[in-house]
Structure formats: structure tokens, C-alpha cells
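Coordinates in review
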Amino acid sequence: MKRNVFLKRVSLLGSGTFLIPAGLLSSCTYTAKIRTGLTTNDIPLLDEIGETIIPSTGGTLGAKASNIGAYMILMVADCFKPEDQHIFVDGLNDLDQHCAVKYNRSFLDLKTTQKLELLEQIQLEAIAFGTEQEGIEKLIPHYFDLFKSLTISGYFTSEIGATQARNYLPVPGKFEACIPYQEGGRPWAT
Amino acid sequence: MNSSKDSININTKGAKENTYDAIVIGSGISGGWAAKELCEKGLKTLVLERGRMVEHLKDYPTANMHPWEFQHRGTLPQKITEENPVISRCYAYSEATEHFFVKDKEHPYEQTKPFDWIKGYQVGGKSLMWARWTQRWSDLDFEANGKEGIGVDWPIRYKDIAPWYSYVEKFAGISGNKDGLPQIPDGEFLPPMEMNCLEKHVKEVLAKKYDDRHLVISRTANLTARHHGRGPCQYRSLCNRGCPFGGYFSSNSATLPAAEKTGNYTIRPFSVVHSIIYDEKTQKALGVRVIDTNTKESRAYFAKIIFVNASTMNSTLLLLNSTSSRFPNGFGNDSGELGHNLMDHNYNGGVRGEFEGFMDKYYSGRRPTGTYMPRFRNFGKDKQTSFKRGYAYACGGSRNAGTDLSKTIIGNDLKDNLTALGPWKFSLNGMGECLPYHENKVTLSKNKTDDWDMPLLNIDAEFKENELSMVEDMINSGIDMLEQANFKNIEVIPKNRNFGLNIHEMGTARMGKDPKTSVLNSHNQVWGAKNVFVTDGACMTSSACQNPSLTYMALTARAVDYAVNELKKRNL
Ligand SMILES: Cc1cc2nc3c(=O)[nH]c(=O)nc-3n(C[C@H](O)[C@H](O)[C@H](O)COP(=O)(O)OP(=O)(O)OC[C@H]3O[C@@H](n4cnc5c(N)ncnc54)[C@H](O)[C@@H]3O)c2cc1C
Ligand code: SF4
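The structure contained in this document is the topic of the report that follows. (Residues numbered from 1 in each chain as written. Chains lettered and ligands numbered in written order. Predicted model: local features only at pLDDT ≥ 70, side-chain atom pairs only at ≥ 80, totals over all residues. Heavy atoms only, no water.)

Description of the overall build of chain A
This is how the line gets drawn: For the purposes of this entry, the term helix denotes a DSSP run of H or I that reaches at least four residues, the term strand denotes a run of E that reaches at least two, and both are numbered from the N terminus. Only protein chains enter the calculation, and the probe is 1.4 Å; a residue is then buried if its accessible area is under 20% of its type maximum, exposed if over 50%, and partly exposed in between. Only heavy atoms matter for contacts: two residues are in contact if any of them lie within 4.5 Å across the pair. Note on areas: these come from Shrake-Rupley sampling with a 1.4 Å probe, and a residue is covered only by the protein chains present in the view.
A count of helices and strands for chain A gives seven helices and one strand. Across chain A, helices and strands are ordered from the amino to the carboxyl terminus as α-α-α-α-α-α-α-β. Burial analysis of chain A (190 residues in total) assigns 45% to the buried set. Summarising the internal contacts of chain A: among those between residues at least 6 apart in sequence, 61% fall at separations of at least 24. Carbon together with sulfur atoms contributes 56% to the accessible area of chain A, which is approximately 9,500 Å² in total.

Overview of the overall build of chain B
Basically, it comes down to this: Our radius of gyration looks at C-alpha atoms and nothing else; its globule reference is 2.2 Å times the residue count to the power 0.38.
Within chain B, the secondary structure is distributed over 14 helices and 19 strands. In terms of C-alpha radius of gyration, chain B reaches 24 Å, essentially the compact-globule figure of 25 Å for 572 residues. Based on the C-alpha atoms only, the size of chain B along its principal axes is roughly 80 × 55 × 45 Å. Counted over contacts in chain B with a minimum sequence separation of 6, partners at least 24 positions apart contribute 73%. Accessible area for chain B stands at about 21,000 Å²; split by element, carbon and sulfur atoms hold 49% of it.

Thoughts on the nonpolar core
All names here are of chain B. The condition is simple: Take the buried residues of types Ala, Val, Leu, Ile, Met, Phe, Trp, Tyr and Cys, join any two whose side-chain atoms come within 4.5 Å, and each joined set is a nonpolar core. Segmentation into domains, and thus their bounds, comes from an automatic or database assignment.
Judged by nonpolar contacts, the single largest core of 100 residues is most densely connected at Ile23, Ile276, Val288, Ile306, Phe331 and Ile459. The element best represented in this core is helix 8 (residues 158-172), accounting for eight residues. Residue-level mapping places this core at the junction of two domains, with at least three residues from each of domain 1 (2-133 + 249-344 + 438-462 + 502-568) and domain 2 (174-230 + 347-432 + 464-492).

Describing the side chain of Asp104 of chain B
For Asp104 of chain B, the position within the fold is in the loop between helix 5 (85-88) and strand 3 (110-111). Residue contacts for Asp104 of chain B: discarding those within four places in its chain leaves Glu83, Asn84, Pro85, Val86 and Ile87 of chain B.

A short note on the pattern of salt bridges
Going by this rule: Put simply, a salt bridge is a Lys or Arg side-chain nitrogen that is within 4 Å of an Asp or Glu carboxyl oxygen.
The full count for this structure, using the stated rule, is 44 salt bridges over all chains. Note that Arg35 of chain A is salt-bridged to Asp42 of chain A, the shortest N-O span being 2.7 Å. Across this residue pair, the class does not change: Arg35 of chain A and Asp42 of chain A are buried. Via salt bridges that share partners, Glu148, Arg375, Arg389 and Glu433 of chain B belong to a single interconnected network.

Thoughts on helix 10 (residues 251-261) of chain B
All names here are of chain B. Helix 10 sits mainly inside the fold: eight of its eleven residues count as buried. Within helix 10 the residues assigned to the buried category are Ser251, Asn252, Ser253, Ala254, Thr255, Leu256, Ala258 and Ala259. If you follow the buried residues of helix 10, they end up packed against helix 3 (29-40), helix 8 and strand 7 (265-268). Downstream of helix 10 by a residue or two, Gly263 has a phi angle that is positive, lying close to 80°.

As for the site of ligand 2
To keep things clear, this is the line we draw: Here a residue is considered near a molecule or strand provided that any single heavy atom belonging to it is located within 4 Å of it. Each residue gets one label: Ala, Val, Leu, Ile, Met, Phe, Trp, Tyr, Cys and Pro are nonpolar, Asp, Glu, Lys and Arg are charged, and the others, such as Gly, are polar.
Neighbouring residues of ligand 2: 13 residues in total, closest Cys233, Gln234, Ser237, Cys239 and Cys243 of chain B. Its residues placed into classes, the shell around ligand 2 shows eight nonpolar, four polar and one charged.

Some words on unusual backbone geometry
Cis geometry marks the peptide bond from Gly231 of chain B to Pro232 of chain B, where omega comes out at 0°. By secondary structure assignment, the location of Pro232 of chain B is in the loop between strand 6 (216-217) and helix 10. Within the chain, Asn67 of chain A stands out as a residue other than glycine whose phi angle is a positive 60°. The phi dihedral of Tyr235 of chain B is positive, around 60°, even though this residue is not glycine. Examined against the element boundaries, Tyr235 of chain B turns out to sit in the loop between strand 6 and helix 10. Taking relative accessible area as the criterion, Tyr235 of chain B reaches 9% and is therefore assigned buried.

Here we look at the packing of helix 2 (residues 43-53) of chain A against helix 4 (residues 82-103) of chain A
A packed helix pair is summarised by two numbers, namely the angle formed by the two axes and the spacing between the axes. All names here are of chain A. How we decide: To obtain an axis, a line is fitted to C-alpha atoms, over the contacting stretch when the element is a helix, and the angle between two such axes runs from 0 to 180 degrees between their N-to-C directions. By definition in this entry, angles of less than 35 degrees are roughly parallel, angles greater than 145 are roughly antiparallel, angles of 65 to 115 are roughly perpendicular, and the rest are oblique.
At their nearest, the axes of helix 2 and helix 4 sit 12 Å apart, and the two run at 80° to each other. The orientation of helix 2 relative to helix 4 falls into the category roughly perpendicular. Two secondary-structure elements touch here, helix 2 through Leu45, Leu46 and Ile49 and helix 4 through Phe88, Leu92, Leu95 and Asp96. Taken together, the residues that form the contact of helix 2 with helix 4 break down as six nonpolar, no polar and one charged.

Now the structure itself:
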């Protein structure tokens, strides 16, 4: 890994860099949480992050209804490498910091448009972070990449995602090699 | 040590109870065929299988599970992948198939150079998880060693095996199209599966731009029609979990039930064959020594004929472990070739690209196979200077949800994007022949044994110059074809697979014409112990570039036919 990239990553994610001096905090100020790990208390926040990435729309439910928060916690705990677990947890802290600094509220208390606006902003950071690493073999993911990829994988493999947002056919019975497709039509779930 | 193995205590009462006409070691693709053929020819046959019982339909616990019913939706927990780096590199190993693969620690081996040994120890072996691609080999393959003076010449030609290909295809059920290509001769096919729009288009374009690039539907052991009471395939493409419709060929769905039907079949799971017992007087094998994996008890079983089908590496391991004063260096190892000439295919060159077009076309159902481009290098008019032999491509066109835009958007836009289709994509994945090098070998570990008192296997093999040059050509030719067909965003698929990971391990007890340079004769019979036959991948004299298992099946059926005839003539 290139050293400068590593340093940037640390400054981006290190929760210390965003800490507001304690004296400035008043009773009505939102204090960002500093987690060292994930608990079920984080499920509502993760559900909202997931729902902002893949919302309920028109006829189909979104990520929250597919219990994306619980899925994310399970996957981070069981299927992530330790370094990615850290990125994920630090990332939630960083998101909280953004909320505190920018809105003085928790993510859960933001309006839908604010949630979207904030995550879009963080997505830009994540894209920039990826661009900085171009040419490096082992990319370090930005925490937003982890939120987003878990939301997508969890949602589309959930019963809601597979059967409502896509077209799930467990036993097709036949193979038709070439059928018409109308733009916007749903893809197969598997 | 050698002499103690010779003088196994044979208690005559036990001997009688434990005596069969034939013993088959292993119940995978080749062992299943040996069992079926021996039983159908009237021989009381004992199949010894080191793994547990897996009964067709009953023991496929994940076969009907929906994606959301898996705790991690198919992904394996980090703890498992960390503890099992080798098996985790196999694409088919997942939360849905985990129970069919051997964990790294359960059967350790030594790697002098990196070798990924992918194993399935259960009744059915790897026939449960295989990808079912079944192209025939041709004389391009059987003649190559002899013509080029590489390794030793195959003792057979296409005409010797062709009727046996037909024989096994008719029972197994192979779907395919008669394409009339000499490098993958046509067989006894069930109706072919269809190619999708993009695949058909690529086929046409390549046929116009080149005279040697033929894209065909892969011949595949999935049943496109009901066949011998099995199938048909329902196009779920979940085969490696076991098929509730019996839609593909496995020992469990096809050969073992056929063997059972004869009344001549006995199977004994949890039985590791430790070694073959050689009888000095008759100069034949007397039987095998078995370790019960539950009790660790050792016992012997006896038979007139022994078929060794433990899969390439395990067959050679147990032959190397079967020493006697006649065969101090391993059973049938007069030539010194036992353990040598290990091959695998080389899958390290692949490319893909995006196609602009057919935006109003899609497909329905999940075809459990792909398209195939047979070998075109060093064939016909083509002559390469940087490598010998050639490669085939496993190809496929598909259309998935979402476009690249999904990487930079969220919210409604993202959801819309991912619930509609993106562009068509097409990939070509090279599958290269590997030459037989004497120094690519397996040997017995000098000081380590496993839980069954067998030495660990030491594997020492690598791809060499010929294989590496071929990879370059796989990539360059692939890019060239995609460009010719107007693909966009063409890229090389990064791959760095270790030797072994292509799960086509072959050689180590090769067939040949001369006992001085080979282990088996033209009927897979061990030189020097004529009632022992080795008919799995260990017998292969070269590796061709086609998937090998259909050839193991045909060689097995052919060898059983020969063995039983010899037995009848009292030659065994
Ligand atoms: C994911 C995957 C995809 C594949 N795709 C293809 C494909 O598309 N086409 C193709 O041709 N091939 C394919 N293969 C390879 C194919 O599965 C093997 O070539 C084939 O199964 C080999 O048959 P076999 O009888 O030699 O061994 P196996 O099927 O492995 O069976 C060997 C059996 O012997 C048992 N055994 C081992 N040692 C002993 C012992 N000492 N005593 C008693 N029993 C023992 C094992 O438990 C096992 O049951 C694939 C394999 C995998 C895993
Ligand atoms: S694709 Fe066919 S053979 Fe494979 S699991 Fe489905 S029905 Fe069975």
C-alpha cells in the first residue's frame, strides 16, 4: 500500500479528528457516538442507512423492510476480515460525526432528503478515496462502499428484494434462450 | 516395514466373509461406473468408500433452499475461509455446498510448490459438485505425445475409445449439438440447450471473420429430456447442491442405483483403503487393507479383480503406499513412473467485454452450462512457435441487473438502476493443456502420516514455459475476437490459479505401451499385477484441453469389459 494513501485513510476515518471540544457541547447538542464494536442498538441506524441507499418506492418495499440492519451486523461479524470490521465500525462513528457537525442531530432524526444528501456527500468522498488508490493492487474500501455493497447484496438476496424488486423463479422448468425485454423490466433474481 | 505388509494376518474365516468377486475403491465418477459395469456383468462387487453415505435426493439438504434461507445468503464466514484457504479458492465452495467438500485440516498434504487439492469424500465423490462439461477427446489428443516425442505415446487411439464414449453417453445422458468438429467428435446426444442471442451473434461473427473459431453449446451431463427414469433438468442451475429432479449425472443419481438394482452390489462407506495386498505366489493382488474411519480398526477384503478409482491423487497415494518385496517402490512401479507426470489444466487466461445491442432481448431460465470454443491452436493450418498443443475457451454471454452508473448513485435512482437490466456481457475463459513433465510429481511424505496411518502426500508441480506462453495467447486471441465482434470495455479477467485448482488432476500412473516407461497397459491394467485396474485420472498419458471426466467414464467401462472377459477366459 502506498504510504500517503494510508495516512489519508487514517485522517479520514480517525474518529479523533472530528471531535468537538467538550466545552462546546450543550444539552441540546447531538453528541456523536463512539463505538468500538456493533450491537443490536445499531440496527435502527443501519436500517436507515440501508433504506436511504435502497428505499421503499411505489409498489416495492425497501432495504429496511428486508431487515438490512440485522443482516449487516451479522455479515460484518461473521464474514468480514478484522480490518474491514474496523473500517465499518469507524465508519458509523464518522457518519455520526458528520451528522453532529452538519445537522446537530442523529442520522435517525434527519429528514429523508437530508439523509440522502449526507450519504451522497459521503459517497463522493468514497469515490475520491477509490480514485486516490488507482493502480494499487489491494484496495482499501471506504466505509461507504461497505454500507452500500452490504445493502445491495442483502436486499436482493432477501425475500422482499428477490420477489418484489426482481423476478424470482425458483424452478424455471425450461430454458428460453431469447425472449423480448422491455426497457425497465425486472431482471431475474438469481 | 515392507515385509510386514506382505505378511498380513489373514484369518480364513474372516477371509471368506470378506471375499467378493470384485472390489472398487472409491464411488466417484469413475468408481460409480466401475461398480455399475461389474455388477451388471454379474460380479459380486464391494465398493469401498472413505466418506459418508450420501443418498440421492435424501441427502441434499440445501437443494431446495431459497437464497434468503441461508444464514449468510451463501457467503462463507471468515472463520471458515481463514481455516480453509485451499478449499475456499474453489468457486463452487459456498454455504450451499460446504458439506460436500473436504476441509483443509481434515486431510492435510505437503506442498513443495503451491497446489490446491480440491476433494470431495463421500459416496458420489466429486460427481455431486462437478460442472458436467463433457467434450470427447480426439486423435489430436491421443496422437500428440507420440508425434511430438513428449512423455510416452498413448497406447490407444480414438477408435479404441469411441464406442465406449457412445456407451457411457447413452447411459449418462449428455446434451449437445452435433457440430461436426473433428477436435471434439460428436457423440450420442440428448437435444442441445440453446445459445442466447448474444452467443449466437458471436458465433456468426466469428464464423465470418475466422475459419477456425467455432462457438458451440458445451456438451453437458444435464438431461434435456427424461432419461432412464431421471430428470429432465428444470433449469435452476443449482446442480452442485444435488438435484431433486435427478437432472444431471452423478454416481448417486445414476450409476450407483443401477449397480444396486442388480443385487450384486455392496457399498461400505467410512472405509479408507490403506493399501493393496500383493500375493507373491500368484503375482496378483489378493485384496485390500481397509481402515474403518469410525473405529480405526483395520481389516482386509479380498477379490479376484480390483478397480482403483479413488481419484488421481488418492489412487496414486494408495499405490505408493502398497509396498511389498516384489514392489518395494509402490504397487506396479517397475518403471519408476508412479507418482510422476502430474498434470492439471491451466485456466489463467480470460477476457470479457460489453456488447452494445440486443437491448430488447433477454432469456428465461438458468441454463446450467455455457458455450465452448474448441481448440484451434496447432490444429489444422495453425502453427504456433511459442507453445505446443492448445486450449479451449469456456464462454458465455449474459445480461445482469444494473449498469456502471450504479457505482455512483443511491436512493430511488439506484433502486431503478438495479431493478432493470444492464448491457450484455461476454467472456472467454481459456482452458489450456498442460504437458506431462516427469518432474511434476507426488511422493510420500518422509515423516508425516494421517489419521489412517497413511503417509501424507507431497505434491511438487508447477506450470512451465509452454503453459505460461499459452496463457498469453489465450488473452491476446480473446481480445482479438472481442474486438472483431465490436465489443466495448474489453478487459482481461485477473486470474492466478494455483496448479490443482482446475480440478482436472491427471497422470501419476500413466498408461503406455511399454512396462519400462508406464504403470498401466492399454486396458488400464497394472503392469506386473494383472488383476488391478486404475481407471481414474491417474491413468492419463496426456491432458488434452477438454474436461476429462467423460474420458474416465469411457476408459472405466472399457476396462471392466476387458477385465471380465479376461476373468471368463481364466486369464486373471
Ligand atoms: C467444482 C468442480 C467442477 C468440475 N467440473 C468438471 C467438468 O465440468 N467436467 C469434468 O470433466 N470434470 C469436472 N470436474 C472434475 C471431476 O469432478 C473429476 O474429474 C471426477 O469427479 C473424478 O472422478 P474420480 O472417480 O476419479 O474421483 P472422485 O469423483 O473424486 O471420487 C473419488 C472417490 O474416492 C474416494 N476415496 C479417495 N481415497 C480413498 C481411499 N483411500 N479409500 C476409499 N475411498 C477413497 C473419495 O472419497 C471419493 O468419493 C469438476 C470438479 C469440481 C470439484
Ligand atoms: S439445473 Fe437442472 S440438473 Fe441442475 S439442479 Fe437444476 S434441475 Fe437439477
